[in-house]
Amino acid sequence: MDIAYIPSPSTGVIHLGPIPLRGYAFCIIIGVFVAVWLGNKRWIARGGKPGTVADIAVWAVPFGLVGGRLYHVITDYQLYFGEGRNWVDAFKIWEGGLGIWGAIALGAVGAWIGCRLRGIPLPAWADALAPGIALAQACGRWGNWFNQELYGRATDLPWAVEISAGPNRDAGTYHPTFLYESLWCVGVAFLVIWADRRFKLGHGRAFALYVAAYCVGRGWIEYMRVDEAHHILGVRLNVWTSIVVFVLAVVYFVLSAKLRPGREEVVEPDASGADGKDKTGAKAKDKAKDKAETEAEGTTDGTAGSGADAGPKDSLPTRAPRADATVREGAVKADLRKPAVDAEAPEADKA
């Protein structure tokens with residue numbers, strides 16, 4: 001009896017005339033657009049300018065692609081170098097093979113360059129983009145489905161993925177680990193969005209939460225995979241990487257919360273808010289207005305204290321009562337126009 005399963009595409013490439021449309025590349029591109037779209041909305045909500053996320057992504061994405069490919073080639077060098085291998089295949093990124101660890105590491109370098117050019121703190125930008133990156137990974141994992149790769153152990157579960165016979169793989173039904181990781185990344189994205197709204201995460205802590213949560217899922221999903229990989233002490237290399245990166249993310253989260261609590265008040269210089277007003281300029285104008293009012297009150301108080309109708313010195317109040325500056329100024333001028341007092345009046349009255 002046939003069992004239910006998820007069929008795999010018969011091919012990962014569709015030719016539009018002479019132009020090949022590859023499913024793997026298509027999924028990566030969709031993921032990038034999703035990440036930039038959501039990151040832009042979150043950046044504007046934090047007080048940043050529209051389009052800033054895309055401008056910095058122009059630096060981060062190419063660096064990330066190079067970093068992801070480098071990590072894959074270095075950790076799976078046996079696929080590209082050695083007897084019977086063609087090193088040119090290392091450049092064929094469209095055939096699959098991007099390591100998320102290298103993509104994040106080198107992508108952060110590109111983002112840092114972009115942030116430096118715009119005068120923006122990298123942790124704030126990373127916080128805004130964190131859930132979008134998780135959704136980008138969720139989209140990108142479907143590229144592995146097109147290439148019939150990154151599946152788990154054989155199974156007859158209804159959601160098993162069907163794999164056809166090919167180089168280094170046997171036909172059968174297997175655990176769709178690409179699907180497991182895709183769903184996990186969607187959950188991570190919603191977790192980061194919720195936690196960021198609930199606890200007002202800042203200074204890179206939303207990004208650290210994304211990294212830690214992703215590593216938890218990647219650890220057990222990686223353990224299920226059966227594709228060729230290097231092992232250390234009987235454990236796959238990427239499992240060890242997940243453990244190390246998880247610890248680093250948690251340490252950063254804890255230390256950041258102690259050293260820099262709260263969230264950045266300003267994420268981008270001269271940024272316009274959602275209402276189109278310059279928030280930074282508005283705050284400066286308010287401070288200037290308060291300063292002017294304070295100086296006006298001080299000047300008026302001094303004038304009222306030395307008026308012509310002031311009483312004896314020992315009866316003068318230590319501070320003039322607060323009143324409208326314009327009314328008091330008029331009263332002082334009126335007093336100055338009064339006729340001179342009797343010569344026999346006390347000296348204080350002659351003043």
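That block above? That's the structure.
This write-up is about the structure you can find in this document. Quick caveat: nothing in here was measured; it's all calculated off a predicted structure.

### Remarks on a nonpolar patch on the surface
1) Next: A cluster of nonpolar side chains, V216, I232, L233, W240, I243, F246, V247, V250, V251, V254, L255 and L259, forms an exposed patch at the surface whose accessible area comes to about 1100 Å².
2) Next: Here the nonpolar patch gets 9 residues from one element, more than from any other, and that element is helix α8 (residues 237-259).
3) Next: One can find I243 in helix α8.

### Here's the deal with the packing of helix α3 (residues 100-118) against helix α7 (residues 205-224)
1) Next: Running from N to C, α3 and α7 point in directions that differ by 165 degrees, and their axes come no closer than 13 Å. As far as their axial angle goes, α7 and α3 are roughly antiparallel. Classified by chirality, the crossing of α7 by α3 is left-handed. Where α3 abuts α7, its residues I100, W101 and I104 lie against F207, Y210, Y214, C215 and R218.
2) Next: When grouped by side-chain class, the residues that make up the contact of α3 with α7 number 7 nonpolar, no polar and 1 charged.

### Digging into the pattern of salt bridges
1) Next: Going through the model one piece at a time under the given rule, you end up with 13 salt bridges.
2) Next: Across the pair D89 and K92 runs a salt bridge, and its minimum N-O distance is 3.0 Å.
3) Next: Exposure remark for D89: the relative accessible area of 22% places this residue in the partly exposed category.
4) Next: With a closest N to O distance of 3.9 Å, R218 and E181 form a salt bridge. Taken together, the residues R218 in helix α7 and E181 in helix α6 (residues 177-199) connect sequence positions 37 residues apart.
5) Next: With relative accessibility at 3%, the residue E181 sits in the buried group.

### Quick notes on unusual backbone geometry
1) Next: Unlike most non-glycine residues, Q148 shows phi in positive territory, near 50 degrees.
2) Next: For Q148, the location among the structural elements is in the loop between α5 (142-147) and β3 (161-163).
3) Next: Even without a glycine there, the phi angle at K200 is positive, about 55 degrees.
4) Next: Relative to the helices and strands, K200 is located in the loop between α6 and α7.

### Notes on helix α1 (residues 23-45)
1) Next: Relative to the 33 Å expected for 23 residues at 1.5 Å per residue, α1 spans 33 Å between its end C-alpha atoms, a close match to the ideal helical length.
2) Next: At the C-terminal side of α1, G47 shows a positive phi close to 105 degrees.

### Remarks on the pairing of strand β1 (residues 13-16)
1) Next: The pairing of β1 with strand β2 (residues 19-22) spans 4 bridges and is classified as antiparallel. Looking at β2, one finds that H15 is bridged to P20.
2) Next: Count of turn residues in the β1/β2 antiparallel hairpin: 2 residues, of which G17 carries a positive phi of about 70 degrees.

### Some points on the packing of aromatic side chains
1) Next: Applying the stated criterion to the full structure yields 10 aromatic pairs.
2) Next: Where Y151 meets Y174, the ring centres are 4.7 Å apart and the plane angle is 40 degrees; that geometry is what we call tilted. A residue pair is termed long-range when its members are at least 10 positions apart, and Y151 in the loop between α5 and β3 and Y174 in strand β4 (residues 172-174) qualify at 23 residues.
3) Next: For Y151, a relative accessible area of 11% puts it in the buried group.

Reading the values: the criteria
- Residues numbered from 1 in each chain as written.
- Predicted model: local features only at pLDDT ≥ 70, side-chain atom pairs only at ≥ 80, totals over all residues.
- Heavy atoms only, no water.
- Patch = residues over 30% accessible without salt bridge, like charges linked within 9 Å, V, L, I, M, F, W, Y side chains within 5 Å.
- Areas by Shrake-Rupley, 256 points an atom, 1.4 Å probe, with all protein chains shown as cover.
- Salt bridge = Lys/Arg side-chain N within 4 Å of Asp/Glu carboxyl O.
- Helix = DSSP H or I, 4+ residues; strand = E, 2+ residues; numbered from the N terminus.
- Axes fitted to C-alpha atoms, helices over the stretch in contact; angles between N-to-C directions.
- Parallel < 35°, antiparallel > 145°, perpendicular 65-115°, else oblique.
- Left-handed = near helix turned anticlockwise from the far one by under 90°.
- Contact = heavy atoms within 4.5 Å.
- Nonpolar A, V, L, I, M, F, W, Y, C, P; charged D, E, K, R; others polar.
- Buried < 20%, exposed > 50% of the residue type's maximum accessible area, 1.4 Å probe, protein only.
- Expected span 1.5 Å × (residues − 1).
- Pairing = 2+ DSSP bridges.
- Phe/Tyr/Trp six-rings, centres within 6.5 Å; stacked < 30°, edge-to-face > 60°.

Coordinates in, geometry out; function isn't part of it.
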